[in-house]
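# Notes for the structure review
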Amino acid sequence: MQQIGEHAVVLGAGMSGLLAARVLTEAYERVTLLDRDPIRADGSPRRGVPQGRHAHVLLARGGEVIEDLFPGITGELVADGAVTAEPLVDFRICVGGHTLRPVPVGPSMLQCTRPFLEHHVRDRVLALPGVTAVNGHDAVGLSIDAHRHRITGVRVVHGRDVSTEETLTADLVVDATGRAGRTPVWLETLGLSRPREEEFRVNVQYASRLMRLPRDYAEQEKGITVGAVPGRPRGMGVFAVEGGHHIVTLADFLGGHRTAADEDGFLEFAATVSPPEVLSAIRRGEPVGEIATYRYRSSVRRHYQELSDLPDRLLVTGDGLCSFSPAYGQGMTVAALQALALRDTLAQGRPASRTASSGPRRNSSSIRGTSPSEPTSHFRRSRGGGRCRSGWPMPTSHSCTRPPPSTISSHGSSCGSCTCSTRRPGS
Ligand SMILES: Cc1cc2nc3c(=O)[nH]c(=O)nc-3n(C[C@H](O)[C@H](O)[C@H](O)COP(=O)(O)OP(=O)(O)OC[C@H]3O[C@@H](n4cnc5c(N)ncnc54)[C@H](O)[C@@H]3O)c2cc1C
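Parameters at a glance
Residues numbered from 1 in each chain as written. Predicted model: local features only at pLDDT ≥ 70, side-chain atom pairs only at ≥ 80, totals over all residues. Helix = DSSP H or I, 4+ residues; strand = E, 2+ residues; numbered from the N terminus. Buried ≥ 20, exposed ≤ 12 C-beta atoms within 10 Å, placed from the backbone. Contact = placed C-beta atoms within 7 Å. Core = buried A, V, L, I, M, F, W, Y, C linked by C-beta atoms within 7 Å. Domains from an automatic or database assignment. Arc of directions from axis to C-beta. Near = placed C-beta within 6 Å. Nonpolar A, V, L, I, M, F, W, Y, C, P; charged D, E, K, R; others polar. pLDDT = per-residue confidence, 0-100. Pairing = 2+ DSSP bridges. Axes fitted to C-alpha atoms, helices over the stretch in contact; angles between N-to-C directions. Parallel < 35°, antiparallel > 145°, perpendicular 65-115°, else oblique. Left-handed = near helix turned anticlockwise from the far one by under 90°.

## Observations concerning the overall build of the protein chain
If you tally the helices and strands in the protein chain, you get 11 helices and 19 strands. The buried share of the protein chain, taken over its 427 residues, is 46%. Across the protein chain, the fraction of contacts at a sequence separation of at least 24, relative to all contacts at a separation of at least 6, is 68%.

## Things to note about unusual backbone geometry
Phi is positive for Leu88, close to 70 degrees, though the residue is something other than glycine. Judged by the 16 C-beta atoms lying within 10 Å of it, Leu88 is partly exposed. Not every positive phi belongs to a glycine, and Arg148 is a case in point at roughly 55 degrees.

## Structural notes on the nonpolar core
Core analysis: the biggest nonpolar cluster contains 97 residues, and Val10, Ala20, Val173 and Leu250 have the highest contact counts within it. Ranked by the residues each element gives to this core, the list is headed by helix α9 (residues 331-347), at 9 residues. Each of two domains, domain 1 (5-78 + 113-195 + 302-370) and domain 2 (91-111 + 199-296), supplies a minimum of three residues to this core. Among residues more than four places away in sequence, those in contact with Val173 are Val9, Leu11, Leu142, Ile151, Gly153, Val154, Arg313 and Leu314.

## A closer look at helix α7 (residues 263-273)
Considered for burial, the residues of α7 that qualify are Phe266, Phe269, Ala270 and Val273. The buried residues of α7 all sit within an arc of 100 degrees when viewed along its axis, so they share a single face. Set apart from the buried face of α7 by more than 90 degrees, the exposed residues are Asp264, Glu268 and Ala271. Contact partners of the buried residues in α7: β13 (196-212), β14 (223-226), β15 (234-240), β16 (246-252) and α8 (276-284).

## Examining helix α2 (residues 60-69)
Taken residue by residue, α2 has Gly62, Gly63, Val65 and Ile66 as its buried positions. Along the axis of α2, the buried positions cluster into a sector of 165 degrees, meaning they face one direction only. Tucked inside the fold, the buried residues of α2 contact β3 (57-58), α3 (73-79), β7 (109-111), α4 (114-126) and α9.

## Focus: the site of the ligand
Taken together, 36 residues are adjacent to the ligand, and Gly14, Gly48, Gly178, Gly318 and Gly331 come closest. For the shell around the ligand, the secondary structure elements donating two or more residues are α1 (15-24), β9 (137-144), β18 (292-303) and α9. Broken down by element, the residue count for the shell around the ligand peaks at 4 residues, all from α9. Taken together, the residues of the shell around the ligand break down into 15 nonpolar, 16 polar and 5 charged. For the shell around the ligand, the two domains that each supply at least three residues are domain 1 (5-78 + 113-195 + 302-370) and domain 2 (91-111 + 199-296).

## Things to note about the environment of Val134
Examined against the element boundaries, Val134 turns out to sit in strand β8 (residues 131-134). A C-alpha to C-alpha distance of 4.7 Å links Val134 and Leu34, two positions 100 residues apart in sequence. When residues no more than four places from it in sequence are discounted, the contact partners of Val134 are Thr32 and Leu34.

## Section: the confidence of the model for the protein chain
Scored by pLDDT, the protein chain has a mean of 84; 81% of the residues are at 70 or more. Scored below 50 in pLDDT, residues 355-427 makes 130 contacts in the model with residues more than four places away or belonging to other chains.

## A short note on the sheet that holds strand β2 (residues 28-34)
The strands making up a sheet associate through backbone hydrogen bonding, with each pair oriented either parallel or antiparallel. Pairing is parallel across the open sheet formed by 5 strands, whose spatial order is β8-β2-β1-β12-β19. Whereas interior strands pair on both sides, the edge strands pair on one side only; in this sheet they are β8 and β19 (314-316). Averaged over all adjacent pairs, the angle separating strand axes in this sheet is 20 degrees, with direction ignored.

## A few points about the pairing of β9
The pairing of β9 with strand β10 (residues 151-158) spans 7 bridges and is classified as antiparallel. If you follow Asp138 over to β10, its bridge partner there is Val157. The hairpin turn running from β9 into β10, its antiparallel successor, is 6 residues long, and Arg148 in that turn takes a positive phi close to 55 degrees.

## Describing the packing of α1 against α4
Helix-helix packing is described using two parameters, namely the angle between the two axes and the distance between the axes. Running from N to C, α1 and α4 point in directions that differ by 25 degrees, and their axes come no closer than 10 Å. For the element pair α1 / α4, the angle class is roughly parallel. The two elements α1 and α4 meet at a crossing, and its hand is left-handed. Judged by residue contacts, Met15, Leu18, Ala21 and Arg22 of α1 engage Glu118, Val121, Arg122 and Val125 from α4.

## As for the packing of α2 against α9
Where α2 contacts α9, the axes come no closer than 8 Å and their chain directions differ by 45 degrees. Taken together, the axes of α2 and α9 lie oblique to each other. Judged by the sense of rotation from one axis to the other, the crossing of α2 with α9 is left-handed. From α2, Arg61, Gly62, Val65, Ile66 and Leu69 reach across to α9, where they touch Met332, Thr333, Ala336, Leu337, Ala339 and Leu340. Here the residues of the contact of α2 with α9 are counted per class, giving 8 nonpolar, 2 polar and 1 charged.

## Regarding the sheet that holds β7
The sheet built from 3 strands is open, its strands ordered β3-β7-β4 with antiparallel pairing. Unpaired on one side and paired on the other, β3 and β4 (83-85) mark the two borders of the sheet. Where β3 lies against β7, 2 bridges are found, and the strand directions are antiparallel. Bridging across to β7, Val57 finds its partner in Gln111.

The structure is reproduced here in structure tokens:
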């Protein structure tokens, strides 16, 4: 690929920052990967990525892109303990009270903890020529040219010590600092416009714990997700990950006041949502780590593409551009698609700038458009009415009232208007 610039700085060494850095090495002589965390080489969970203690599945498309960017990495991840799971075949999915039939529907997903995945990707990025990691440094603002047309660098401080402030000059600055990214504030400080923010309230509270589950269960299935149902706005997931462990994640779609943050609460909550054999495995399992909690309040999209005064040589990627409800496990895959879009732009010989921003945005928005609305909103907004095409009453917009999963037969065809998988009553 043609060289476009001398130095690119990526702010944030999470998944989107790592993938952007990988792509930028093809067009910039030097790439600096800056993070406020003191990142340890052992790949342990870290403060800057609090969601990293909760279940993270890499969807098939995300896996393909990451393999394309780092040939052989999937094999390395699996050799080190990551688990591949084929949706519905060895990964059970229960939606709206129904267990989907175990038929092959597509390529495998990758299951491992988020720090484990990030650690492997990070090792590969840091091994690339021209990449330098700067840890323990906080980005606090942007520098701009006299005409306020072009970003010229980023202001950083060491730790939280403002007396250490310096400016890293760059031909391109990529903000990959996640949901809390401060580019809107930094633009405003420079006298420029902030992007419009579109927010979708979700308010889900997660509680997760790494466990070693008994063999009799672990050998049965590699993963399960159980979605909420009308009258029980709760869900859960159990995923086999590296080290022979499982990550158990519980989700409360009403905002969390009942979510399990302690031993008893965790088990009590699990009992309200887990199928019996899964609950039994959790009860008999051995906790490996502490219970971690996380509140996800809303999905946010920032419309940078609408700004007429957005300076050149600035790009926002990952959750800082658009974050997605964790329920759909899309965030890392979207970050991977954004990296591909960036690579396409660079391959055309164009400096990544506002032009490049529109590529990743297209990808994000098209994926978002295909997502159903958040599960929680069904419970809050819908008062009921209507029937699915199989004839079952639908008290919410997407769930019919078929009998509970235990009674669902494994034959019959989906009605297509909801998630049930058996025949119309009486047929
Ligand atoms: C509970 C939960 C579960 C999820 N499960 C899945 C899943 O199953 N599959 C999936 O694909 N996605 C999942 N996601 C989404 C996924 O975590 C993100 O979409 C993905 O990690 C991309 O994030 P990012 O790299 O943009 O930001 P982050 O991962 O948040 O990384 C941001 C980085 O920027 C650094 N940083 C922040 N501010 C500064 C600063 N001022 N200066 C320097 N550095 C800074 C931080 O230290 C951090 O390293 C989940 C999210 C949540 C909340």
